[in-house]
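# Working through the structure, step by step
For reference, the chains in residue letters:
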Amino acid sequence: MRIFVAGATGAVGRPLVAALIAAGHSVVGTTRTAAKAAIIRRMGAEPAIADGLDAPAIRAAVLAAKPDVIIDEMTDLAGVTDLRHFDRAFATTNRLRTQGTDFLLAAAREAGVKRFIAQSFCGWTYEPIKAEADPLDLDPPEELRRTLDAIQYLEDAVTSSANLEGIVLRYGSFYGPDTGMLSRAMIEQVRRRRVPLIGGGGGMWSFIHVDDAAAATVAAIERGTSGEIYNIVDDEPAPVGEWLPALATLVGARPPIRVPAWLGRLFAGEHLVSMMTEVQASSNAKARRELGWQPAHPSWRQGFAEVVSGATAQHAA
Ligand SMILES: NC(=O)c1ccc[n+]([C@@H]2O[C@H](COP(=O)([O-])OP(=O)(O)OC[C@H]3O[C@@H](n4cnc5c(N)ncnc54)[C@H](OP(=O)(O)O)[C@@H]3O)[C@@H](O)[C@H]2O)c1
């Protein structure tokens, strides 16, 4: 099939393009800059240069590509460090998830695209339970409200879109190559004990290796059902109180410093304390059952170890 990947150079875009090519698809991938077009070409795909917030540019790129399927992997999170002001850090990503989704969906309809698959997130968005049918958090900390609204907007627009098959993939927290989660900077922060364990560390995180996210996305082209949402996470959601000390051990650091929740609120904000202490896990049962997909990295434990040893070997070389 002919696949248009919007956001082909990102943390999931790159392994996705590689997986699509390996599966025999022909791929057009977008980037905003001519400089990154070479990355797309090297992967065996055709580059298209367009900003997702520029409606005429996106329309022209989609009409020229004539794809059967569009996959939207656009976020604008590279270089984001100030998570204290979360909604501010996510402002352009939120625009991509609202306006950008509208522009891409309109272009898709005009081009007669059959299927539209969009990236969403399930890292901290759920109320206590965690299957796709359960509601997202209706009352998030104030600092997350606009970001959650944008996620909700994207999901509604895609799954209810007329004249095409809309599917949403709620990825868990990414780790793997080109992700911030296990980047050299993050590893250094953990080594220096600058990533504290806040409160009881009871927040449940659901991780996904970016290669597994890519594989699930390829599976959704063939086997996803129109109008459905799938959680794409590994098999072992874990409390921060478990994965953060395990990561510290992996990188040869002493256990993380413990900080009481009240102090965390003061320095990091209610929303980050909530991510460390309250967020809920997500289940991948539906994706396993309906997409015929299973993660090659079923647990962050072996996935983290693999990535950290790769990064250490690379650093030493
Ligand atoms: N589920 C998750 O945990 C999750 C999800 C997303 C990102 N992240 C994290 O966020 C960090 C950055 O992610 P990333 O490396 O994927 O980079 P990113 O800056 O979020 O970019 C992702 C893709 O979107 C494209 N893009 C960005 N702004 C655009 C715009 N206005 N119009 C069109 N395309 C646009 C980028 O293309 P160009 O830059 O080539 O133009 C790139 O292909 C990583 O640490 C990643 O792990 C995590």
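Residues numbered from 1 in each chain as written. Predicted model: local features only at pLDDT ≥ 70, side-chain atom pairs only at ≥ 80, totals over all residues. Heavy atoms only, no water.

Okay, the packing of helix α5 (residues 91–111) against helix α6 (residues 145–159) next. Between two packed helices, the angle of one axis relative to the other and the distance separating the axes together describe the packing. Between α5 and α6, whose axes approach to 7 Å, the crossing angle comes to 15 degrees. As the angle between them shows, α5 and α6 are arranged roughly parallel. When you trace α5 past α6, the crossing you get is left-handed. Residues N94, R97, T98, T101, D102 and L105 of α5 form the contact with α6, whose participating residues are R146, T147, A150, I151, Y153, L154, A157 and V158. Here the residues of the contact of α5 with α6 are counted per class, giving seven nonpolar, four polar and three charged. (Axes fitted to C-alpha atoms, helices over the stretch in contact; angles between N-to-C directions. Helix = DSSP H or I, 4+ residues; strand = E, 2+ residues; numbered from the N terminus. Parallel < 35°, antiparallel > 145°, perpendicular 65-115°, else oblique. Left-handed = near helix turned anticlockwise from the far one by under 90°. Contact = heavy atoms within 4.5 Å. Nonpolar A, V, L, I, M, F, W, Y, C, P; charged D, E, K, R; others polar.)

A few words on unusual backbone geometry. Phi angles above zero are rare outside glycine, and D178 is one such case at about 65 degrees. Tracing the backbone through its elements, the reader meets D178 in the loop between β7 (173–175) and α7 (184–191). Not every positive phi belongs to a glycine, and R193 is a case in point at roughly 60 degrees. As for its placement among the helices and strands, R193 is situated in the loop between α7 and β8 (197–198).

Scanning the entire structure with this criterion turns up ten aromatic pairs. Ring centres 4.4 Å apart and planes at 15 degrees place the aromatic pair F86 and F90 in the stacked group. Judged by its relative accessible area of 3%, F86 falls in the buried class. Note on F90: relative accessible area 11%, which makes it buried. Joined through ring pairs, the aromatic side chains of Y175, W205, F207, W243, W300 and F304 make up one cluster. (Phe/Tyr/Trp six-rings, centres within 6.5 Å; stacked < 30°, edge-to-face > 60°. Buried < 20%, exposed > 50% of the residue type's maximum accessible area, 1.4 Å probe, protein only.)

On to the environment of L182, then. Checked against the element boundaries, L182 lands in the loop between β7 and α7. A C-alpha to C-alpha distance of 7.4 Å links L182 and V307, two positions 125 residues apart in sequence. Setting aside chain neighbours within four positions, we find L182 in contact with Y175, I187, L247, F304 and V307.

Another aspect to go through is the pairing of strand β2 (residues 26–31). Here β2 lies mainly inside the structure; five of its six residues are buried. Bridging between strand β1 (residues 2–6) and β2 involves four bridges; their strand directions are parallel. Bridged to V5 within β2 is G29. With helix α1 (residues 13–22) bridging β1 and its parallel neighbour β2, the resulting β-α-β unit is right-handed. (Pairing = 2+ DSSP bridges. Right-handed = clockwise from strand over helix to strand, strands pointing away.)

Turning our attention to a nonpolar patch on the surface. On the surface, W262, L266 and F267 cluster together into a nonpolar patch covering about 420 Å² of accessible area. Take F267: its relative accessible area is 62%, and that puts it in the exposed class. (Patch = residues over 30% accessible without salt bridge, like charges linked within 9 Å, V, L, I, M, F, W, Y side chains within 5 Å. Areas by Shrake-Rupley, 256 points an atom, 1.4 Å probe, with all protein chains shown as cover. Salt bridge = Lys/Arg side-chain N within 4 Å of Asp/Glu carboxyl O.)

Attention now goes to the sheet that holds strand β11 (residues 229–232). In space, the seven strands of this open sheet follow the order β3-β2-β1-β4-β5-β6-β11, with parallel pairing throughout. The two strands at the open ends of the sheet, each matched to only one other strand, are β3 (46–49) and β11. Between one strand axis and the next, the sheet turns by 20 degrees as a mean value, whatever way the strands run. Relative to the sheet, α1 contacts β1, β2 and β4 (69–72), its axis offset from that of β1 by approximately 175 degrees.

Quick look at the pairing of strand β5 (residues 115–121) now. Counting buried residues in β5 gives seven out of seven residues, a clear majority hidden from the surface. Residue alternation in β5 divides its side chains into two sets, R115, I117, Q119 and F121 and F116, A118 and S120, and both sets are buried. Here β4 pairs with β5 via four bridges, running parallel. By the bridge assignment for β5, D72 is matched with A118. Pairing of β5 with strand β6 (residues 165–171) involves seven bridges; the strand directions are parallel. Directly across from S120, in β6, lies its bridge partner R170.

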